[in-house]
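The chain contents come next:
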Amino acid sequence: MNKQKGVWKSFFRFYTRFHIPWHYFILTVALGVLASEIAVRLASYTIAVNKGELYNRVILGFCLLTVAHMIITSAVNILTTYGTATVSLRARNMVWRKILSLPQREVDKTAPSSLISCVTLDVDQASNSIYSLFTTVSSTYAVIRAIIIMARYSSTLTIWLVATIPVIVLLFFLVGRLQFYIMRRTYAAINTMTRFFSEHLSAMKHIKVQSLEDKEMEEGYKAIDARYKADLWAAILGQLQVMLHSLHVNIQTIVIAIGGSSLIRQGRMETTGITNFSAYTSTADQYIAEDLTHYQSFKGTQGALKFVNDLLQLPSEPRLEGQQPVPGDLVLENVRFSYDGEYEVLKGISLTVPQGSVTAIIGGNGCGKSTLIKLLQGFYTPSAGTILAGGQDITAVQPDAWRRSFGYVLQNSPLFSGTIRENILYGCRGKVNEEAVYEAARQADIHDFILSLPDGYDTEVGEMGGKLSGGQRQRVAMARALILHPAYLILDEAAASLDHKTGSRVFDSLMSAKTPEQTILLISHNMEEVDRADRIVSMRDGEVVGCGSAAEMRRSDPIYREYSANQRGGELA
Amino acid sequence: MLWKAKLPYVWIILFIAASVYLVKVGIDVTEYTAQMFAGNVSFSGIILPFIIYSVGTLLLSSVNGIFKGICSAKIDRALRRMVWSKTVSLPFGFFQSNDPKELITRITNDISSISKIVMNVFVGFLISFYTVFSLVRQVGSYDPRLMWVMVIMLPLDIIIAIIMGRLNFGINDRLNWSFARLNRTISERVSQSLLIRSFGTQESEEKRVEGLSTDYRKNQIRSTWINNLSSPFSTMTYCMKFILLLLVGRHFYGGGMISLPEWIAFFAFSTQLTTYISSYTTDWINLKAAMGSTERVSEIIDTPSEIVDQGKTVEELSGELRAEDITFGYGDEPLFEHLSVTIPVGLRTALVGSSGSGKTTLLNLFAGLYDLWDGKITVGGENITQYTRRSYRSQLNYITQECTLFSGTLRQNLLYGLRREVGDEELNAACEQAGLLDYVNELPAGYETEIGEGGSALSGGQRQKLSVARMLLKKGNWLFMDEATAAMDASAKAQVWGATESLSEGCTCLFVAHDRQSVSYAQHVIVLEKGRIVDQGPTDEVARRNAYVGSLLHADVREEG
């Protein structure tokens, strides 16, 4: 019960977070009532036709009312769209701003697909719910009007009909339940199937070279059959749903047929009385169905909005608050960190990265190198210890400005869809001249390649940069970081996906373009690159093992020596 | 295309039969209703049969609906099975020229729209035709002239239907497109939220999405205006039809040629006809949109399959692998022209060269993934085209660059496609050699750990270790590895290469690598540049004379060796 209350509370709470264009909705209700009134009157003309009263007055009245109804309904539709589209827009922007300002840790916790549906689908549901709320007023009005008119013809039969309303409501609930069940099952089956095909269609090379075609055929049939079974279920349950839905119309028709006919036989109603009831009941039915549908969509929205609301209640990162960063030495003092609160990834790191140095970090997969880099940029805060930059504690520095002083290139840096130029300029603010773009591209050894493309810098890179090869994508990502002339340049296995020649060319050009103030942090397995660093830090299991120049490390550091020996070809020795 | 699939003809016939019967019953219900409306309320004559028929219609239409659902599901399944078995047998080149994401929608959505066409348009045509025919005939039994009135008014119904359908179609396209763009932008950015934060570009991302959603709102409003502006046309046609009907009614009913119940029934039938026709016309209009689906699916069906079972079955592949005077390219330009090369047996051979030099392509050609333009690939002097592709490829052990994994457990992935039983001991041994065992032992669920879609729960290094372990389990004397250790750390690499050493007796091991460590394990090196072989031979010799390999390996290698 309490949980239920929370759901409703967060439901209404959501709508207090942004401005709702009330005028559209109020106007919609007013016109909606008018449209219901016309619909009720139109019913009286249908009755006249069924009584054989085919006079000019009937024809004219019917046509005029039909036209009026059309005009008002159109106006209602248009106004509704203005209202709901505006609400969607405001809610969407609000939710999107929130997602952008969430701390990275919160983003990690949430599945990306649910964040995406928050911004794309859930907000539309939110606006539909407001619309439903308002329309309930006009449709309820129409139901009551129809009942009042029917009572004029025969109060007995009207009471009988009103008595069927609880049955209708019950049927509707059953239908809703079924709907929910079917949807859940079908979605699950569709997802399973789609996932199978998306995984296996991109794996065709593997399948071909391993000669797995027969196995794949079987597995695919299984996925198809799972979907087929869900489809069969949906066919049967869906039909049950349709049947329950039409059952309520049937019940009313039968009540009218039996009750009406006996009233006529007893002389308590005019002989053509059944047609009156039939016409008004179908009008009333239509609006009752509308009310109930709205209630259902309301319930459906609650779940989605609860999620959105919880999201909105998460803390935001104060992106624009704090001191301006002053570049200087990076000093870590006894930094500890854990993602889940249990397993410590960093177990007390103390380390100084002097300004202007090239510092390399080495260590095995999973030793905490990349986590360390993320802490430096302030994506996460240490669970203990401090990180100082130029003497300032980085938690006191404005996060946005702090991160902009970094250039960050990862092993597989993704691009955004758009042109190559747009991607290189991604982090830039204000106008940047063309020459700067070329310069960054040259440093990343990609300028000549770009010029060789028919569209040059205006080439579209596709979703996630998919139209470029891995190495090309990587070099564009490097240019994107270099054009910012960051105070700290972080290369996290940045050259691992490049071939040897290109890799070393890019590395050379980075070193030669480095200004004396610029600090470069290098994570690499390539000892050739590592040896060119001023300082090398070795890590194992979240702890610093050794630190010093290449010569010092060569003498004493076990990790350095192991890597170096491996790379020189331990096997040949 | 439809003829090739096994369609559920029996069910379709059942559905048609039930639909036909339903039309008949529906006519009876309408006639009883008309009697009731006219005041004919005899309980046993009208009311009772009316109730029986209404309930009967409800039940029958439910059964009919289930038939329809079963038909669609069966057609879906038949088509999907056909398309999938065809897809699996397509030559590899097809997957290079078609985006896998796009192929997914062919199997999922396109097929569903094809089965909708079959049911709604083709089967639907028979039923709609019969419905119109029955209604008109029924009316004809009241007065033959009424029948002609109904036939003459059919075009009006069609006009109403077309106006509604056509307009909706065009605008929704545009609306969907603008929503798709919004959706794409958001999903791309949500999954790269770290990147956005690292560039501190939240503000410009806010503006970008605000711009796109404002644009979407504009399209929503535009579409509602256009949709609603079409309603005057359909309302006018609707009123015109009403006027005509009443004038007709006035003539026949007023003139005493038909009774009141007959007039009511006639009026009801005319309204029903409008509904039938407009729903069928909508399906017909949608057909045009669905034509794209049919074409896309037909393309798969019409592409010739790769024949995997033609030729001799090779049990034990042995001898030197050789490319003899081969020419091959992807577009019009050849990548390799008259290239000849021999891969020695029993040695680890590295294929090196800068990106785009053709290393991966050469491996793919050795694996028989493409047809050569000219020349031949031989093993022990025998052209590989005389073997069945299936038996030839099952002798190979090729770790592709992509390091393919499937969702499922570690065990399932390790054993995928393996045609024999493997005990835990052997599994442990393989993982140990691949440097994966420590990781597996740390996991609470061990080999039963789920690795996520495409192995997403694993890091790059772990994925490669898993692929290597899988290769070791498969056993065999032919190893092809395309950058199979690139993401591993130095000690893992050392371990893996150590493991391949134990295999190397009489084994052909050909690998592509970029890093010094991996290349240093090679005993033989082939240097490719722009599709040509510029050098080859024992590693230390090549390192001495070839600048690329020399710089890759450094001079101190030889001293230690």
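Calculation criteria
- Residues numbered from 1 in each chain as written.
- Chains lettered and ligands numbered in written order.
- Predicted model: local features only at pLDDT ≥ 70, side-chain atom pairs only at ≥ 80, totals over all residues.
- Heavy atoms only, no water.
- Helix = DSSP H or I, 4+ residues; strand = E, 2+ residues; numbered from the N terminus.
- Buried < 20%, exposed > 50% of the residue type's maximum accessible area, 1.4 Å probe, protein only.
- Contact = heavy atoms within 4.5 Å.
- Areas by Shrake-Rupley, 256 points an atom, 1.4 Å probe, with all protein chains shown as cover.
- Lys, Arg positive; Asp, Glu negative; His and termini not counted.
- Charge placed at Lys NZ, Arg CZ, Asp CG, Glu CD.
- pLDDT = per-residue confidence, 0-100.
- Pairing = 2+ DSSP bridges.
- Domains from an automatic or database assignment.
- Buried area = accessible area lost by both parts, 1.4 Å probe.
- Salt bridge = Lys/Arg side-chain N within 4 Å of Asp/Glu carboxyl O.
- Polar contact = N/O pair within 3.5 Å; in protein donor to acceptor, adjacent residues only side chain to side chain.
- Nonpolar A, V, L, I, M, F, W, Y, C, P; charged D, E, K, R; others polar.
- Patch = residues over 30% accessible without salt bridge, like charges linked within 9 Å, V, L, I, M, F, W, Y side chains within 5 Å.
- Axes fitted to C-alpha atoms, helices over the stretch in contact; angles between N-to-C directions.

Regarding the overall build of chain B
Piece 1. Per the secondary structure count, chain B includes 20 helices and 10 strands.
Piece 2. Considered along the principal axes of its C-alpha atoms, chain B spans approximately 120 × 60 × 55 Å.
Piece 3. The 561 residues of chain B split such that 55% are buried.
Piece 4. Counted over contacts in chain B with a minimum sequence separation of 6, partners at least 24 positions apart contribute 75%.
Piece 5. Here chain B has roughly 24000 Å² of accessible surface; of this, 57% comes from carbon and sulfur atoms.
Piece 6. Charged side chains in chain B number 52 positive and 57 negative. The centres of these two groups are separated by 9 Å.

Here we look at the confidence of the model for chain B
Piece 1. A residue-level look at chain B finds 96% of positions with pLDDT of 70 or above and a mean pLDDT of 86.
Piece 2. Within the model, pLDDT remains below 50 along residues 555-561 of chain B, and this stretch shows nine contacts once partners closer than five positions in the same chain are excluded.

Quick notes on the sheet that holds strand 2 (residues 336-343) of chain B
All names here are of chain B.
Piece 1. Here we have four strands laid out as an open sheet, ordered 2-1-4-5, and antiparallel in their pairing. Either end of the sheet is taken by a strand with one partner, and the two such strands are strand 2 and strand 5 (382-383).
Piece 2. Across five bridges, the pairing between strand 1 (residues 321-328) and strand 2 is antiparallel. Residue pairing for strand 2: Phe-328 is matched across the bridge by Phe-336.

Concerning the domain arrangement of chain A
Residue and element names in this part refer to chain A.
Piece 1. Split by domain assignment, chain A resolves into domain 1 (1-154 + 279-317), domain 2 (155-268) and domain 3 (330-567).
Piece 2. A straight line from the C-alpha centre of domain 1 to that of domain 2 covers 23 Å.
Piece 3. Each side of the interface is counted separately: domain 1 has 13 residues, and domain 2 has 17 residues.
Piece 4. Together domain 1 and domain 2 conceal approximately 1200 Å² of surface at their shared face, both sides included; 67% is due to carbon and sulfur atoms.

Description of the domain arrangement of chain B
Residue and element names in this part refer to chain B.
Piece 1. By domain assignment, chain B separates into domain 1 (1-141 + 293-306) and domain 2 (321-560).
Piece 2. Each partner contributes to the interface: domain 1 provides four residues, whereas domain 2 provides seven residues.
Piece 3. Taken over both partners, the interface formed by domain 1 and domain 2 buries close to 390 Å², and the fraction arising from carbon and sulfur atoms is 50%.
Piece 4. There are two salt bridges connecting domain 1 and domain 2.
Piece 5. Our enumeration of links across domain 1 and domain 2 arrives at one residue pair in polar contact (both at pLDDT 80 or more).
Piece 6. Residues of the side of domain 1 that touches domain 2, tallied by class, amount to one nonpolar, two polar and one charged.

What to know about a negative patch on the surface
Piece 1. Together, Asp-541 and Glu-543 of chain A together with Glu-432, Asp-438 and Glu-442 of chain B make up a region of like negative charge exposed at the surface.
Piece 2. Within the element layout of this structure, Glu-432 of chain B appears in helix 13 (residues 424-434).

Let's talk about the environment of Glu-206 of chain B
Piece 1. Within the secondary structure, Glu-206 of chain B is located in helix 7 (residues 202-229).
Piece 2. In this structure, the C-alpha to C-alpha distance between Glu-206 of chain B and Gly-140 of chain B, residues 66 residues apart in sequence, is 66 Å.
Piece 3. For Glu-206 of chain B, the contacting residues outside a window of four places in its chain are Trp-96, Arg-97, Leu-100 and Arg-319 of chain A.

Here we look at the sheet that holds strand 9 (residues 535-540) of chain A
Residues and elements named next belong to chain A.
Piece 1. Spatial strand order, 6-7-8-3-9-10: six strands in an open sheet with mixed pairing. Two strands bound the open sheet, and with one partner strand each, they are strand 6 (406-409) and strand 10 (543-548). Here the average twist between neighbouring strands, direction ignored, is 15 degrees.
Piece 2. Two elements, strand 6 and strand 7 (residues 488-492), share four bridges in a ladder whose sense is parallel. The residue of strand 7 that forms the bridge with Gly-407 is Leu-489.
Piece 3. Docked against the sheet, helix 16 (residues 470-482) engages strand 6 and strand 7, running at close to 175 degrees with respect to strand 6.

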